[in-house]
Amino acid sequence: MSFLSIEDVSFRYQGKNAVINQANWEIEKGEFHCLLGKSGCGKTTLLKIASGLLPPNEGRVYLQGKELTEPSHECGFVFQSPALLEWKTVMDNVLLPVVLRRKTTPEDREKAVALLELVGLCDYLNRHPAQLSGGQQSRVALARALIQKPSMMFLDEPFASLDAITREELQEDLLKICQLEGTTVLFITHDISEAVYLADRVAVMEQGEIIYEADVNLLKPRTVEMRYDPNFNELCLKVRQVMGGGV
Amino acid sequence: MMKNVQLYSFLLFIVLIVSWEITAGNMSELVLPAPSVIFFTLIDGIKSGYFLPHITRTAAEIVLGLFLGSLFGFVIGLLMGEIEFLRKLLFPYVIASQAVPKLALAPLFILWFGFGMTSKVVITALICFFPLLENTVTSIQYMDKQKIELFRMLKASRWQTLIHLKIPAGMPGILAGLRVAVVLAVVGAVVGEFIGGSEGLGAVIIASQAMMDTPLMFASLLLLTIMGMGLYQLVNIIEKIWLKPYKKGSKK
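In this text, all values refer to a predicted model and were calculated from it rather than measured experimentally.

1. Details of the overall build of chain B
Looking only at helices and strands, chain B has ten helices and zero strands in total. Element order for chain B, N to C, with α for helix and β for strand: α-α-α-α-α-α-α-α-α-α. Dimensions of chain B, computed from C-alpha atoms along their principal axes, come out at roughly 75 × 55 × 30 Å. Here chain B holds 252 residues, and the buried ones make up 41% of them. Sequence-distant contacts in chain B: of pairs separated by 6 or more residues, those separated by 24 or more amount to 74%. Mean positive and mean negative side-chain charge positions of chain B (20 and 13 charges, respectively) differ by 17 Å.

Okay, structure coming up:
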């Protein structure tokens, strides 16, 4: 039994063509999968279905063997924008998932500090989001998604609006944290090298269908040098060709 | 540069006062009393305790009316923002009631609630109600979609979403409504006193008109202006403190 399995999922907005057409996908425990696709190919919709935010018209999603019909506390979600609450401090933003469930304990605060330390923001606990750079905001969003120790993480192009160097740093952080916690990840992006660098397995989506899947046989942990490795580039090229647009 | 502008602004004030003083020198006090005359009338009135009951009365009406009107506006705004059925049911009436000149209802309220304080508080509350209602309804409805999804992902209840997301996120808009309400509150209370009442600064203005005591009229006007400005500044301060974290680039 896979950790997360998406079975024959279809979705259409009323009276329109299918956004997702008969998608199937399996993720084993602890694996990092990337779903690639151009804008508007339905990848965000698939992610929302996979996380229980959106019920599919057809098909089912199973998390650890149980059918997923609504969001679960087992899952963390990082959105395209950091979606931080401007009126709360960095610390309180990270603690939000806990606050919504119960009273926070000193242990929760320790955990939040530890997470913020992990993403390099331990000096910013009492700042507000408006005082942070885009990269720092994304880090806070990442820490917030991790506070409940999710066994499954969904990320929707979380680093798309960041500059190249910051993005690389955050990719490193994400890989490090997920390896540490053994988190299963479904990551969505339109950036081929990001997908290949992060993932154990990549898939390409086009017009609501998964048209290509491949394992990424690169060593782990990944290093910066790997980005310039011939193997790495070959994989990127292959994916690029699948994505079309004349190469 | 900004400092200079403030200085010029103050100089302009001095120039205006001085030219008023000079102009008033050639005119009857009945038409245009000089600032100095108004000032001494004001000081005398405060010293003798003449103004005190009127100030307290008007201030009480403003504060009570503002509080009640804003509170009801806010709560009903929340209900209408949250419950679509209620919003669709009531919105046509809210829009229609906007067209009613609410101050024109003042005589009716005097008839219903008497010449005492109640009628003025009701008028003030009614006039403060609408800006809060409208701003609250619109402010809590248009939320960042990803924040709403975040709260759904975290399995927040409707109540939690309201308390932790919609109200704080809508606060800038809601406070803007309060700022409008504050200014209107002074108008509401004074108009109420114009129409019926023997206490309050509005009543003093009407009485001074009857007595042809123009300096007294100006002195009351000055007091009302100070009260209005004080309240407005208070809301500004609340806004500044509350909304500080929302602003980009604010330093701790």
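From this point on, the discussion continues.
2. Considerations on the interface of chain B and chain A
Taken together, the contact between chain B and chain A spans 23 residues of the former and 29 residues of the latter. Across the interface of chain B and chain A, roughly 2,500 Å² is buried in total on both sides, 62% from carbon and sulfur atoms. Interface area lost by chain B to chain A is led by B:Gln146, B:Met153 and B:Leu154, which between them contribute 27%. Linking chain B with chain A are three salt bridges, by the criterion used here.

3. Notes on the sheet that holds strand E4 (residues 58-63) of chain A
Residue and element names in this part refer to chain A. An order of E2-E1-E4-E5 is seen for the four strands of this open sheet, with the pairing classed as antiparallel. Each having just a single partner strand, strand E2 (18-27) and strand E5 (66-67) make up the two edges of the open sheet. Sheet analysis places strand E1 (residues 4-12) next to E4, joined by five bridges and oriented antiparallel. Bridge pairing in E4 places Glu7 opposite Arg60. The sheet strands contacting helix H1 (residues 43-50) are E1, E2 and E4, and the helix crosses E1 at an angle near 125°.

4. Re the nonpolar core
A:Leu4, A:Ile20, A:Met152 and A:Phe154 are the most contacted members of the largest nonpolar core, which totals 74 residues. The element best represented in this core is helix H8 (residues 158-195) of chain B, accounting for 13 residues. Looking at which domains feed residues into this core, each of domain 1 (4-74 + 150-244) and domain 2 (82-148) of chain A gives three or more. Aside from chain neighbours lying at most four places away, what touches A:Phe154 is A:Leu4, A:Leu47, A:Ala50, A:Ser51, A:Cys75, A:Gly76, A:Phe77, A:Val78 and A:Leu186. A:Val90, A:Ile147, A:Met153 and A:Ala199 belong to the second largest nonpolar core, which has 53 residues in total.

5. Some words on the UniProt feature "domain: ABC transporter" (unreviewed entry) in chain A
Cross-referencing UniProt, the feature "domain: ABC transporter" (unreviewed entry) maps to residues 4-232 of chain A in the present numbering. The distance separating the terminal C-alpha atoms of residues 4-232 of chain A is 27 Å; by composition the span is 31% helix and 27% strand.

Rules used in this analysis
- Going along each chain's sequence as written, the residues are numbered from 1 onward.
- Working convention: letters from A go to chains and numbers from 1 go to ligands, in the order in which they are written.
- Where totals are concerned, whole chains, interfaces and linings use all residues; where local detail is concerned, this predicted model gives features only for residues with pLDDT of at least 70, and gives and counts side-chain atom pairs only at 80 or more.
- Side-chain measures were taken over the full set of non-hydrogen atoms in the model, leaving aside hydrogen atoms and water.
- Helix and strand labels come from DSSP, where a helix needs a run of H or I of at least four residues and a strand needs a run of E of at least two; each type is numbered from the N terminus.
- Throughout this description, buried means an accessible area under 20% of the type-specific maximum (1.4 Å probe, protein chains only), exposed means over 50%, and partly exposed covers the range between.
- We call two residues contacting when some pair of their heavy atoms lies within 4.5 Å.
- The sign given to each residue is positive for Lys and Arg and negative for Asp and Glu; His and the chain ends receive no count.
- To locate a charge, the coordinates of NZ of Lys, CZ of Arg, CG of Asp or CD of Glu are taken.
- Here the quantity called buried area is the total loss of accessible area, with a 1.4 Å probe, experienced by two parts when brought into contact, counted for both.
- We define a salt bridge as a side-chain nitrogen of Lys or Arg found within 4 Å of a carboxyl oxygen belonging to Asp or Glu.
- Strands were regarded as paired on the criterion that DSSP finds at least two bridges between them.
- To get an axis, a line is fitted to the C-alpha atoms, and for a helix only the part in contact is used. The angle between two axes follows their N-to-C directions and goes from 0 to 180 degrees.
- Grouping buried Ala, Val, Leu, Ile, Met, Phe, Trp, Tyr and Cys residues that are joined through side-chain atoms within 4.5 Å yields what is termed a nonpolar core.
- For the domain bounds, the source is a domain assignment made automatically or taken from a database.
- UniProt positions are given in the numbering used here, feature names are shortened, and annotations may be inferred rather than shown by experiment.

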